[in-house]
Amino acid sequence: MKINRKKIFALNDTVYPNGTSAITVKYLTKTYNGKKAVDNISFSVKKGEIFGFLGPNGAGKTTTIKSILGLIKIDSGEIKINGFDIRKSEKNAKKNIGYLPEKVAFYDNLTALQNLLFYAKIKNVSKEECLSLLEEFGLGDSTNKKVGKFSKGMVQRLGMIRAIMGKPHILILDEPSSGLDPKGVLQIRNKIKELNRNGSTVFISSHILSEIQKICDRVGIINKGVLVAKDTVETLSKKLNLKPQMIIELDKISDKITKSISDIKGIDRIEVKEKTINVICDSETKAKVILAIAKAGGNILNLQTHEPSLEEVFMRYTGGDI
Amino acid sequence: MLDIIINIAKKEFMDNIRNKWIIIITILFASLTLLASYAGSIYSEGWQDLGVTMSIMSGLVNFLITIIALILGYSAIIGEIEKGSMNSLLSLPAKRLEIVLGKFFGLGMVLTSTILIGFGIAGIIIGFNVPDVKYDEYLIFIGATILVGLVFLSIGIFLSCLFRKRSTAMGGAIFVFFLFTIIWQFIVFALLIITSSFNIENAALPDWYFALNFFNPLGAYGSLLSLNIPSIAAQQTELIAVEYPSFFNTTNMLITLILWLFIPLILAYWRFKNKDI
């Protein structure tokens with residue numbers, strides 16, 4: 001049976017009222033040498049949200065990002081940024097975008113400040129802001145150093161400064177943590193959150209799923225050029241019937257305790273190992289499990305709960321490819 | 001629009017100052033001109049006047065300016081695409097036309113300033129050592145050299161937009177260099193021989209021979225010099241008495257060079273506009 005994707009979009013995609021979508025992608029298709037890199041995908045990114053864009057290598061993430069930015073000619077579809085069509089009103093569409101590409105590059109013969117000032121002039125950003133951002137990102141001492149002599153991490157941080165200078169309304173970040181040490185990763189994450197709190201919409205593509213899960217309001221998963229899922233991690237987990245896991249450590253385990261748990265509705269699986277019980281159940285059932293153990297005379301020494309991870313969701317939607 | 005073009009041009013200029021390109025080429029131009037003036041003549045020793053220097057230099061310039069302008073131009077666009085910096089530039093409110101023009105003006109400034117400074121310094125030094133210097137002819141020589149340099153820069157930028165890889169664009173630039181500096185001469189001579197058009201007895205050349213200059217910027221450049229600088233014309237007429245057809249004049253040569261400058265630049269923009277980054 002032939003599926004009409006346009007109809008699916010119309011029924012399933014969240015349609016935001018006029019003026020509330022920061023990025024709107026409708027029926028985007030891009031072909032390279034006869035092969036569809038992106039096949040009729042549609043999604044919207046709400047103003048003020050952090051949207052994670054995930055997919056295995058070669059799934060079409062970068063093609064989508066490049067299409068959004070007007071860097072490549074699309075075969076068909078419509079892309080709007082802040083209501084402006086990227087093809088028809090390119091300048092207006094790009095006025096308030098900050099972009100960090102996957103492969104960050106600068107002019108090696110120019111210093112960090114000279115590089116930033118070049119972009120700053122096009123974005124109408126002051127020299128003071130450039131200097132302040134260089135300080136904030138720990139590059140204050142390298143202001144007058146040629147970028148050609150920078151380490152990968154320093155180039156990445158400079159790339160982040162270029163993306164966020166002028167406090168853009170929309171930030172498009174392709175692998176922002178690439179090449180950074182843990183401190184740098186934390187700094188970038190905090191900065192993304194801060195910018196988002198101040199009203200910026202963030203569209204982020206990353207391989208580090210834990211990072212995405214920590215900061216994103218919604219995610220979109222693309223696989224082989226097709227957008228296979230888009231929603232909150234929680235909703236996607238529910239759709240996939242992924243359930244939380246409880247690891248309960250007791251001073252001793254009796255038959256009475258295990259029976260009291262197994263009688264509860266909404267439990268998927270119970271595993272007993274020495275003094276530990278692993279329970280996979282619905283979110284709403286977690287409290288009932290603890291109550292049942294207490295009623296059966298169990299003494300809980302330790303309790304851990306693992307919510308379904310984005311990694312599990314991702315694996316299920318992409319067939320395990322990363 | 002103008003702000004962005006100037007900003008990109010300034011960046012290109014600054015980038016080339018930083019990587020010592022400008023300094024190296026300027027020194028090369030100045031020293032070659034001085035060398036041509038001091039040791040270029042086999043007829044007499046010591047400093048030669050600017051006329052002799054220009055006639056020696058015009059041959060060298062054919063090779064030097066062509067290769068330098070093509071080197072500056074061929075990686076201007078594709079180099080940035082391959083490196084990744086074009087992504088960021090195009091994510092800003094900068095149009096592709098502004099980028100092409102900014103690159104052309106910036107690199108054009110590099111080329112112009114090296115020619116002006118290099119030939120200028122050499123001209124002043126020669127002027128101190130030689131009496132009766134014709135600076136007006138020297139200025140025509142410098143002006144025509146700048147123009148032909150910009151033509152090859154424009155061709156270089158077109159190649160940079162035409163090809164998908166920097167290495168292929170470099171191959172294209174090498175081909176263009178050999179085509180216009182060496183292969184062209186062979187083609188012209190081959191045509192003369194095949195058509196038996198050259199009459200050695202009265203040294204008459206067919207009109208189409210002169211018209212071929214419109215199809216090679218170096219031909220138009222050489223013609224422009226020989227039409228306006230007597231010492232260069234004298235060097236040619238020493239070998240053969242030439243009678244020029246009516247269309248072979250300064251205006252047409254200037255128009256030819258200007259067309260050679262604009263057409264590749266327009267094609268470069270058209271190609272870049274439709275290019276996936």
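Residues numbered from 1 in each chain as written. Chains lettered and ligands numbered in written order. Predicted model: local features only at pLDDT ≥ 70, side-chain atom pairs only at ≥ 80, totals over all residues. Heavy atoms only, no water.

**Student:** Explain the sheet that holds strand 12 (residues 267–273) of chain A to me, please; I cannot follow it from the model alone.
**Tutor:** Strand pairing in a sheet is mediated by backbone hydrogen bonds. Such pairs are either parallel or antiparallel. Residue and element names in this part refer to chain A. Overall, antiparallel pairing links the four strands, which are arranged 12-13-11-14 in an open sheet. Of all strands in the sheet, those with a lone pairing partner are strand 12 and strand 14 (300–306), marking the two edges. The mean angle between the axes of side-by-side strands here comes to 15°, regardless of whether they run parallel or antiparallel. Summarising the sheet, strand 12 and strand 13 (residues 276–281) pair through six bridges and their orientation is antiparallel. Bridge assignment links Val272 to a residue of strand 13, and that residue is Ile277. Of the strands in this sheet, strand 11 (245–250), strand 12, strand 13 and strand 14 touch helix 11 (residues 286–295), which is tilted by about 15° from strand 11. (Pairing = 2+ DSSP bridges. Helix = DSSP H or I, 4+ residues; strand = E, 2+ residues; numbered from the N terminus. Axes fitted to C-alpha atoms, helices over the stretch in contact; angles between N-to-C directions. Contact = heavy atoms within 4.5 Å.)

**Student:** Is there a simple way to think about a positive patch on the surface in this case?
**Tutor:** On the surface, A:Lys26, A:Lys73, A:Lys80, A:Arg87, A:Lys88 and B:Lys273 cluster together into a patch of positive charge. The residue A:Arg87 is located in the loop between strand 5 (84–85) and helix 3 (90–94) in this model. (Patch = residues over 30% accessible without salt bridge, like charges linked within 9 Å, V, L, I, M, F, W, Y side chains within 5 Å. Areas by Shrake-Rupley, 256 points an atom, 1.4 Å probe, with all protein chains shown as cover. Salt bridge = Lys/Arg side-chain N within 4 Å of Asp/Glu carboxyl O. Lys, Arg positive; Asp, Glu negative; His and termini not counted. Charge placed at Lys NZ, Arg CZ, Asp CG, Glu CD.)

**Student:** Even after reading the chapter, I still don't get the interface of chain B and chain A, so can you show me in this structure?
**Tutor:** By a widely used convention, the size of an interface equals the accessible area lost when the partners come together. Listed as interface residues are 30 residues of chain B and, on the opposing side, 31 residues of chain A. Interface area, chain B with chain A, both sides summed: about 2,900 Å², of which 55% is carbon and sulfur. Broken down residue by residue, the surface that chain B buries against chain A is led by B:Arg18, B:Lys83 and B:Pro93, which jointly contribute 21%. In this assembly, chain B and chain A are joined by three salt bridges. Residue B:Lys83 is joined to A:Asp108 by a salt bridge in which the shortest nitrogen-to-oxygen separation is 3.4 Å. Counting across the chain B and chain A interface gives 15 residue pairs in polar contact (both at pLDDT 80 or more). A total of eight residues in the side of chain B that touches chain A trace back to one element, the largest contributor, which is helix 1 (residues 2–18) of chain B. Partitioned by chemical class, the residues of the side of chain B that touches chain A number nine nonpolar, eight polar and 13 charged. (Buried area = accessible area lost by both parts, 1.4 Å probe. Polar contact = N/O pair within 3.5 Å; in protein donor to acceptor, adjacent residues only side chain to side chain. Nonpolar A, V, L, I, M, F, W, Y, C, P; charged D, E, K, R; others polar.)

**Student:** Where do I start with the packing of aromatic side chains in this structure?
**Tutor:** For any pair of aromatic rings, geometry is given as the distance between the ring centres together with the angle between the planes. As enumerated under the stated definition, the model contains 21 aromatic pairs over all chains in all. With a centroid separation of 5.6 Å and 35° between ring planes, the pair formed by A:Phe43 and A:Phe53 is classed as tilted. Residue A:Phe43 is found in strand 2 (residues 35–46), and its partner A:Phe53 is found in strand 3 (residues 50–54); the two are separated by 10 residues along the sequence. Assessed through its relative accessible area of 0%, A:Phe43 is described here as buried. Overall, the relative accessible area of 0% leaves A:Phe53 in the buried class. On the numbers, 5.3 Å between centres and 75° between planes, the contact of B:Phe177 with B:Phe178 is edge-to-face. Aromatic ring contacts, followed pair by pair, group A:Phe43, A:Phe51, A:Phe53 and A:Phe203 into a single cluster. The residue whose ring lies beneath A:Arg162 is A:Phe106, and the NZ or CZ to ring-centre distance is 4.0 Å. For B:Arg96, the ring lying beneath its charged end belongs to B:Phe272, and the centroid distance is 5.4 Å. (Phe/Tyr/Trp six-rings, centres within 6.5 Å; stacked < 30°, edge-to-face > 60°. Buried < 20%, exposed > 50% of the residue type's maximum accessible area, 1.4 Å probe, protein only. Lys NZ or Arg CZ within 6 Å of the ring centre and 35° of its normal.)

**Student:** When you look at the pairing of strand 10 (residues 226–231) of chain A in this model, what are you seeing that I'm missing?
**Tutor:** Along a regular strand, successive side chains alternate from one face of the sheet to the other. All names here are of chain A. Here strand 9 (residues 218–223) pairs with strand 10 via five bridges, running antiparallel. Across the sheet, residue Gly220 finds its bridge partner in strand 10, namely Lys230. What sits between strand 9 and strand 10 in their antiparallel hairpin is a turn of two residues, with Lys224 showing a positive phi close to 50°.

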